[in-house]
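Reading the structure
Read off the chains here:
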Amino acid sequence: MITSYKKAKEDVLNCYNEFLQVANQVHGIKDDRSLQSLATQAEKIKEDKFCLMIAGEAKSGKSTFINAYLGVEILPMDVRQCTSSVVEIRYGKEFILHATFADGREQECRGNESIKKFLVANAALDDEYRDIPVTTINNEIIVKYKAKKIPEEIIRDLIKGVERENIHKLPQDEYEKRIRMYIKTKQPSWMNVVVKIDIQYPFEDKEMRGVRIIDSPGVNAAGKVGDITATYIESADAIMFLRPITGVAIEAESFKEFLESKSVDRNKNAMFLILTRAAAESAETIDRAYEEFVKIFGAQKTDSRHGIAKEQIIPVDSKAEMYYNLFLNLSTEEIKGQMKILNAEKKAEPFLMAAWFVAAGEKDAFLRELKRYSNFEVIDQSLNRFGRKAQFLALSEFLGRILRMYAKIAANLREQIGNYKLKAKNPRKLAEKVDETSAALRDIENKMNETVDNIAVKYARSGNNGIIAKTAEEVMNAYLNEIKNIKGESDSSLDELEKISYRQVDKFIEFENKLQKKVVAECNEALVALSDRNSIEFITLEPDFSEDIVGEIKTSMREEATETESYTTGLTFKETHYRPVFSQHKFYHLVKDSILERMDEIKQQAIRDLRSFVQLAAVAYTKELRRNAEVKREELTRIKKEKRSADEIAEILKKLNELLGMINPKENFAKELKGGIDGNV
Amino acid sequence: METCNAEMKNQVEKMFCDLRSKSEGIVASSSIYKNASDRIMKLVSSRIAAESEGYIVDMYTLLTERIKQEAFFQDPNHLNAFYRLNLREKLNDKYHFEVDSLDAFQKGVDYKEINRLYASLGAAAGTLAVGEILKFAMSSVVNIPFTVIVAGAATVAFSSYFKIVPSRNKIAFKKAVDAFLSDLEHDILNWLADVECFFDGQIKTLYSQN
Ligand SMILES: Nc1nc2c(ncn2[C@@H]2O[C@H](COP(=O)(O)OP(=O)(O)OP(=O)(O)O)[C@@H](O)[C@H]2O)c(=O)[nH]1
Ligand SMILES: [Mg+2]
């Protein structure tokens with residue numbers, strides 16, 4: 001089993017280079033399309049960046065964790081600072097910061113000084129606003145309303161929504177006053193709110209060059225994140241949710257809610273719970289807290305919840321890792337000096353002193369102790385084990401292609417060898433063979449074409465006749481069954497409906513992907529000898545079913561969701577009047593019908609995509625078949641026509657046999673590598 | 001000319017039957033005109049776009065099976081020549097409704113954009129009548145997404161209804177929907193006949209070569 005992604009990636013790329021060496025010597029393969037698509041895929045693997053998303057409540061230590069992980073202090077981290085926009089960090093040749101403002105303006109800073117300055121200025125919190133959730137207010141109000149007037153009810157909603165974020169327990173009216181004050185003073189300069197920061201950094205550590213890491217503003221106590229953050233969450237390769245190991249009630253809502261949130265729900269990749277500040281706690285406390293977390297969150301993955309295996313809950317200490325990074329490049333003497341200073345300034349944490357004491361002034365032992373406190377080694381191990389599945393799969397698939405190409409080349413070489421031998425021995429027989437083979441190729445081509453026709457019709461017929469339409473119907477029916485039992489009376493039933501619907505959209509995407517793969521697999525199985533699976537591009541369903549759309553549906557249905565209610569006035573002469581009232585029940589059903597229509601549209605879109613895909617696939621396969629037959633025929637005729645002496649033929653045969661001999665060990669290496677990687681996934 | 005193939009006719013009829021009853025449901029349940037017409041248009045265009053892909057597959061299969069019965073194509077060389085005509089690809093190129101350019105739809109229905117496209121089509125075809133435009137778009141080189149045509153046709157059909165019946169009563173609205181669907185059904189059948197014609201024309205070149 002291979003557990004280091006970086007090592008596996010290197011090996012695979014080496015394997016590919018070896019393959020190229022062979023391929024370059026084979027006649028007539030240079031313009032093979034599989035070779036070209038192999039090259040594109042190799043490029044993708046080379047450039048592939050792993051997207052790691054860091055989330056957590058305010059002050060849970062996100063920025064510190066990232067700095068420690070990257071081994072450089074890029075992000076400001078201080079009790080007085082807060083990350084107020086999404087910050088994306090990735091490798092680049094130079095240290096560059098690129099900021100986007102709420103009005104779309106952009107700004108670039110270069111070099112250490114100016115970048116630090118920008119970050120500190122952007123993240124500095126005014127003392128008056130230290131106690132209110134500035135990031136949430138920016139995201140949900142300032143950036144959204146820009147210069148427009150903010151309706152009072154929206155402000156009231158917000159204040160209610162952030163009640164639990166009153167971390168310093170201000171009296172409610174004071175809390176509210178400060179929030180209103182902040183909005184009032186901040187709104188005129190809404191365009192200066194930074195919404196996104198991109199940082200490129202020239203990491204020395206090569207390991208970090210393949211990573212894209214996202215620092216996000218804290219989720220609020222209800223686990224909610226801003227819109228931009230949500231987009232990142234949906235597509236991240238792995239998500240790490242940070243929280244201090246002690247000091248916050250374990251069952252505190254934020255993580256639970258975060259797990260249940262729509263954006264997290266849509267991300268099918270690995271989720272980690274990182275417990276920070278572990279070094280300050282005794283081993284006993286850590287163990288107890290850890291067990292507790294495992295008990296609550298270490299559940300198996302279910303349909304409605306992200307599974308978090310025990311190994312995906314990791315206690316760490318970023319501060320310890322930062323010290324490790326700092327001391328790594330210092331001499332023992334320098335470390336001693338540093339420790340003296342830290343101690344004198346009373347800045348050294350107890351765990352640092354403890355580590356120093358145990359190490360008895362020895363650098364290596366000191367570093368070992370710090371690593372033990374930081375536990376960052378486990379982060380990498382777990383990432384490789386749980387977070388890299390997609391990457392490992394891509395590597396394995398790539399190797400699979402190389403292996404198929406080797407097989408194809410070997411078969412081709414063997415055939416050439418056979419033909420040259422025949423030519424040397426009996427030229428007339430070769431001519432006969434060419435004719436025979438041509439006829440055979442024609443018949444095979446006809447048969448293969450029929451096979452393709454049959455597959456196309458089996459899948460893509462109109463109405464409810466093809467596999468595509470039938471399966472789409474099944475997918476839809478499962479959904480209808482699932483929402484049948486939702487009662488339409490409460491607000492939560494709409495939430496339930498929405499959540500199932502988002503999942504359903506994913507199911508349609510999955511359905512589309514699955515069927516495309518099935519079609520290709522079926523073609524490959526039937527036509528394996530001649531075709532190559534690389535020539536067809538998959539289509540991805542891109543349904544338009546966002547929260548915005550659902551919001552629109554709800555708004556427009558609210559208008560229609562009124563019923564007439566009667567009431568009476570008057571004491572002696574009663575009079576009956578009628579008035580329109582909002583009906584939650586009616587509203588639910590109207591929204592549901594609208595969503596169902598939307599779902600049907602998505603279903604039709606998937607059907608259309610798939611039918612069109614099947615046709616394109618059929619065309620691609622028939623073309624490929626023909627091309628392959630053509631190549632074979634030409635190869636034969638070429639050998640037949642070549643005027644070569646017996647000596648020349650002997651020379652050619654020697655060369656061909658050498659090439660064939662090269663393939664075997666290389667092929668074996670690729671096979672072994674693939675086996676190792678497959679053991680991982 | 002409508003296609004005379006009974007099987008295809010049956011398929012098309014079935015689809016329109018379903019579209020009619022669903023549109024009726026929408027007219028009945030909605031009290032806001034714009035909502036209803038928007039919903040019907042989406043229903044019709046997404047369904048037709050999906051089914052038309054299926055119809056091309058059906059037509060190709062049907063016609064291929066038919067020619068394979070002929071004595072001429074029992075000769076493997078002739079059959080091979082048939083396959084080498086690439087008719088599936090040609091049909092696809094000619095009648096495949098571009099999915100990529102569906103911008104107007106991907107971001108929700110953009111009426112303005114659709115009207116603009118439709119009007120430009122109308123100018124080229126010399127008429128704004130739904131049936132004529134469809135025929136023109138289907139049989140010529142214009143590469144306008146099918147969905148846009150259907151949506152444009154629907155908007156035109158409904159806005160003419162608006163002119164005639166300012167009181168917006170549901171019966172008249174339903175009538176406009178029915179008329180629109182009947183036109184469309186007729187046009188789809190015409191289009192299928194056109195596909196058949198094209199296919200036969202291509203096959204002819206094979207006989208003459210031998
Ligand atoms: N001892 C110790 N201190 C930590 C650790 N992680 C963070 N801190 C401290 O906690 C404080 C806040 O850390 P940040 O990294 O700024 O937290 P954050 O989550 O980025 O905060 P916001 O951006 O405001 O949401 C800093 O003073 C850090 O030094 C840890 O693992 N151990
Ligand atoms: Mg931060």
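None of the values given here were measured: they were computed from a predicted structure. (Residues numbered from 1 in each chain as written. Chains lettered and ligands numbered in written order. Predicted model: local features only at pLDDT ≥ 70, side-chain atom pairs only at ≥ 80, totals over all residues. Heavy atoms only, no water.)

Focus: the overall build of chain A
Test applied: Each helix is a run of H or I in the DSSP string that is no shorter than four residues. Each strand is a run of E no shorter than two, and both are numbered from the N terminus. Buried, partly exposed and exposed residues are distinguished by accessible area as a fraction of the type maximum, computed with a 1.4 Å probe on protein chains only: under 20%, between the cut-offs, and over 50%, respectively. Working rule for contacts: check all heavy atoms of both residues, and any pair within 4.5 Å makes them a contact. Where accessible areas are quoted, they stem from the Shrake-Rupley method and a 1.4 Å probe; at the residue level, only the protein chains shown are allowed to cover.
Within chain A one finds 23 helices and 11 strands. For chain A, buried positions account for 50% of its 681 residues. The long-range share in chain A, meaning contacts at least 24 apart out of those at least 6 apart in sequence, stands at 79%. Accessible surface computed for chain A: about 34000 Å², of which carbon and sulfur atoms make up 51%.

Quick look at the site of ligand 1
All names here are of chain A. Our working rule: One heavy atom within 4 Å of a molecule or strand is enough for the residue carrying it to be called near that molecule or strand. Think of a polar contact as two N or O atoms within 3.5 Å of one another; within protein, one of them needs to be a possible hydrogen donor and the other a possible acceptor, and neighboring residues in sequence only count if both atoms come from side chains. Any residue outside Ala, Val, Leu, Ile, Met, Phe, Trp, Tyr, Cys, Pro, Asp, Glu, Lys and Arg is labelled polar, Gly included; the first ten of those are nonpolar and the last four are charged.
Ligand 1 sits among 18 residues. The nearest are K59, T64, T83, R277 and S318. In the environment of ligand 1, an oxygen atom lies 2.8 Å from a nitrogen or oxygen atom belonging to the backbone of K62. Taking D317, its side chain carries an N or O atom lying 3.1 Å from a nitrogen atom of ligand 1. When ligand 1 sits alone it has 650 Å² of accessible area, and the protein chains cover 90% of it. Only helix 3 (62-70) and helix 12 (318-328) provide two or more residues apiece to the shell around ligand 1. Ranked by the residues each element gives to the shell around ligand 1, the list is headed by helix 3, at three residues. Across the shell around ligand 1, the residue classes tally to four nonpolar, eight polar and six charged.

Quick notes on the nonpolar core
Our working rule: Nonpolar core, defined: a set of buried Ala, Val, Leu, Ile, Met, Phe, Trp, Tyr and Cys residues in which side-chain atoms within 4.5 Å join the residues together.
Counting 47 residues, the largest nonpolar core has I468, Y479, L497, F511 and M599 of chain A as its most contacted members. Elements with a minimum of two residues in this core: helix 18 (427-460), helix 19 (467-484), helix 20 (491-527), helix 21 (547-560) and helix 22 (584-641) of chain A together with helix 2 (33-69) of chain B. Ranked by residue count, the leading element in this core is helix 22 of chain A, at 17 residues. Dropping the residues within four chain positions of it, F511 of chain A is found in contact with I468, T471, A472, V475, A606 and L610 of chain A. Membership of the second largest hydrophobic core comes to 42 residues, among which are L52, V72, L75 and F203 of chain A.

Section: the sheet that holds strand 9 (residues 313-315) of chain A
Residue and element names in this part refer to chain A. Note the threshold: When DSSP finds two or more bridges between a pair of strands, those strands are recorded as paired. Under this scheme, a helix contributes an axis fitted over its contacting stretch, all axes are lines through C-alpha atoms, and angles between N-to-C directions fall in the 0 to 180 degree range.
Sheet architecture is open: nine strands sit in the order 4-3-5-2-6-1-7-8-9, paired in mixed fashion. Pairing within the sheet leaves two strands with one partner each, and these edge strands are strand 4 (106-110) and strand 9. Across this sheet, the average inter-strand angle for adjacent strands is 20°, counted without regard to direction. Pairing of strand 3 (residues 96-101) with strand 4 involves five bridges; the strand directions are antiparallel. Residue H98 lies in a different strand from strand 4, and its bridge partner there is E108.

Examining the interface of chain B and chain A
Short version of the rule: Here the buried area means the combined drop in accessible surface, using a 1.4 Å probe, for two parts upon being joined, counting both sides. What makes a salt bridge here is a side-chain nitrogen of Lys or Arg within 4 Å of a carboxyl oxygen of Asp or Glu, nothing more.
Taken together, the 43 residues of chain B in the interface contact 36 residues of chain A. Each partner contributes to the roughly 3400 Å² buried at the junction of chain B and chain A, and carbon and sulfur atoms together form 44% of this total. A per-residue breakdown of the area chain B buries against chain A is headed by Y83, R84 and R88 of chain B, which together make up 18% of the total. Connecting chain B to chain A are seven salt bridges. In this structure, R84 of chain B and E445 of chain A form a salt bridge, with 2.8 Å as the shortest nitrogen-oxygen distance. Scanning the region where chain B abuts chain A turns up 16 residue pairs in polar contact (both at pLDDT 80 or more). Counting only elements with at least two residues in the side of chain B that touches chain A, the list comes to helix 1 (6-29), helix 2, helix 3 (76-83) and helix 4 (87-95) of chain B. Tallied by class, residues from the side of chain B that touches chain A come to 14 nonpolar, 17 polar and 12 charged.

A short note on the pattern of salt bridges
Residue and element names in this part refer to chain A. If you walk through the whole model with that rule in mind, you get 48 salt bridges over all chains. A salt bridge links R90 to D198; the nearest nitrogen and oxygen atoms lie 3.8 Å apart. With R90 in strand 2 (residues 86-91) and D198 in strand 5 (residues 194-201), this pair connects stretches of sequence that are 108 residues apart. Overall, D198 belongs to the buried group, its relative accessible area being 19%. In this structure, E176 and R180 form a salt bridge, with 3.3 Å as the shortest nitrogen-oxygen distance. Within this pair, E176 and its partner R180 are both found in helix 7 (residues 172-186), separated by four residues, close to a single helical turn. In this structure R180 comes out as partly exposed when scored by relative accessible area, which is 28%. Bridged by salt links that share partners, the residues E88, R90, K196, D198 and R212 form one connected network.

Focus: unusual backbone geometry
Residues and elements named next belong to chain A. Even without a glycine there, the phi angle at K146 is positive, about 50°. Its identity as a non-glycine residue notwithstanding, K346 has a phi of 60°, on the positive side. Take K346: it is sitting in the loop between helix 13 (332-344) and helix 14 (350-359). The class of K346 is exposed, set by a relative accessible area of 75%.

Digging into a negative patch on the surface
Residues and elements named next belong to chain A. In plain terms, the rule: The residues that make up patches have over 30% relative accessible area and no salt bridge, and they are joined within 9 Å when like-charged or within 5 Å when they are Val, Leu, Ile, Met, Phe, Trp or Tyr. Under this rule, positive means Lys or Arg and negative means Asp or Glu; His and the chain ends count for nothing. The location of each charge is read from NZ of Lys, CZ of Arg, CG of Asp or CD of Glu.
The grouping of E204, D205, E207, E377 and D380 at the surface amounts to a negative patch. Residue placement: E207 occurs in the loop between strand 5 and strand 6 (211-215). In this structure E207 comes out as partly exposed when scored by relative accessible area, which is 36%.

Describing the packing of helix 17 (residues 389-425) of chain A against helix 23 (residues 646-678) of chain A
Residues and elements named next belong to chain A. Keep this limit in mind: With respect to orientation, any angle under 35 degrees is reported as roughly parallel, any angle over 145 as roughly antiparallel, any angle of 65 to 115 as roughly perpendicular, and every other angle as oblique. Crossing handedness is defined as follows: a turn of the near helix away from the far one that is anticlockwise and smaller than a right angle gives a left-handed crossing, while the clockwise case is right-handed.
Viewed as axis vectors pointing N to C, helix 17 and helix 23 meet at an angle of 160°, and their least axial separation amounts to 9 Å. Regarding the angle of helix 17 to helix 23, the classification is roughly antiparallel. The handedness of the crossing between helix 17 and helix 23 comes out as left-handed.

Section: the pairing of strand 2 of chain A
Residue and element names in this part refer to chain A. Here strand 2 pairs with strand 5 via six bridges, running parallel. Across the sheet, residue E88 finds its bridge partner in strand 5, namely D198. By the bridge criterion, four bridges tie strand 2 to strand 6 in an arrangement that is antiparallel. Across the sheet, the residue bridging to R90 is R212, located in strand 6.

Overview of the confidence of the model for chain B
All names here are of chain B. To keep things clear, this is the line we draw: What pLDDT reports is the predictor's confidence in each residue, on a scale of 0 through 100.
With 61% of its residues at a pLDDT of 70 or more, chain B has an overall mean of 76. The least confident element of chain B, judged by mean pLDDT, is helix 5 (residues 103-106) at 43; the most confident is helix 3 at 93. For the stretch residues 97-109, pLDDT sits under 50, and the model shows 28 contacts to residues farther than four places along the chain or on other chains. Interface confidence for the predicted complex, expressed as ipTM, amounts to 0.85; the pTM equals 0.64.

What to know about the environment of K170 of chain B
Residue and element names in this part refer to chain B. Mapped onto the elements, K170 comes out in helix 9 (residues 170-209). Residues K170 and A28, 142 residues apart in the sequence, show an inter-C-alpha distance of 7.9 Å. Ignoring anything within four residues of it in the chain, the contact list for K170 reads V27, A28 and S30.

Remarks on helix 16 (residues 376-387) of chain A
The line we're drawing: The span one expects for a helix is its residue count, reduced by one, times 1.5 Å.
Compared with the 16 Å implied by 1.5 Å per residue over 12 residues, the 15 Å span of helix 16 of chain A between its first and last C-alpha is a close match. Where helix 16 of chain A is concerned, the buried positions are F376, I379, S382, L383, N384, F386 and G387 of chain A.

Quick notes on the packing of aromatic side chains
Just so we agree on the cut-off: In summary, the pairing rule links any two rings of Phe, Tyr or Trp, Trp by its six-membered ring, whose centres are within 6.5 Å, and it sorts them by plane angle into stacked for under 30 degrees, edge-to-face for over 60 and tilted for everything else. By the criterion adopted, a ring carries a charge over it if an Arg CZ or a Lys NZ lies within 6 Å of its centre and within 35 degrees of its normal.
Tallying each qualifying case throughout the model produces 23 aromatic pairs over all chains. Judged by centre distance (4.8 Å) and plane angle (45°), the rings of F241 of chain A and F258 of chain A are tilted. On the criterion of sequence distance, the pair formed by F241 of chain A in strand 7 (residues 238-244) and F258 of chain A in helix 9 (residues 253-260) is long-range, its members being 17 residues apart. Across the pair, F258 of chain A and F241 of chain A agree in class, each one buried. Plain terms: the ring middles of F351 of chain A and Y373 of chain A are 5.6 Å apart, the flat faces sit at 50° to each other, and that makes the pair tilted. Linking F351 of chain A in helix 14 with Y373 of chain A in helix 15 (residues 363-374), this pair joins segments that are 22 residues apart in sequence. Judged on exposure class, the residue F351 of chain A and its partner Y373 of chain A are both buried. Pairwise contacts between aromatic rings join Y60, F72, F73, F82, Y83, F199 and Y207 of chain B into one cluster. Directly above the aromatic system of Y373 of chain A lies the positively charged group of R372 of chain A, at a separation of 5.1 Å from the ring centroid.

Regarding the packing of helix 18 of chain A against helix 3 of chain B
The angle between the axes and the distance between the axes are what describe a pair of packed helices. For the pair helix 18 of chain A and helix 3 of chain B, interaxial distance at closest approach is 10 Å and the crossing angle is 50°. Classified by the angle their axes make, helix 18 of chain A and helix 3 of chain B are oblique. Read as a crossing pair, helix 18 of chain A and helix 3 of chain B show a hand that is left-handed. Residue-level contacts link R442, D443, E445, N446, N449, E450 and D453 of chain A of helix 18 of chain A to P76, N77, L79, N80 and Y83 of chain B of helix 3 of chain B. Partitioned by chemical class, the residues of the contact of helix 18 of chain A with helix 3 of chain B number three nonpolar, four polar and five charged.

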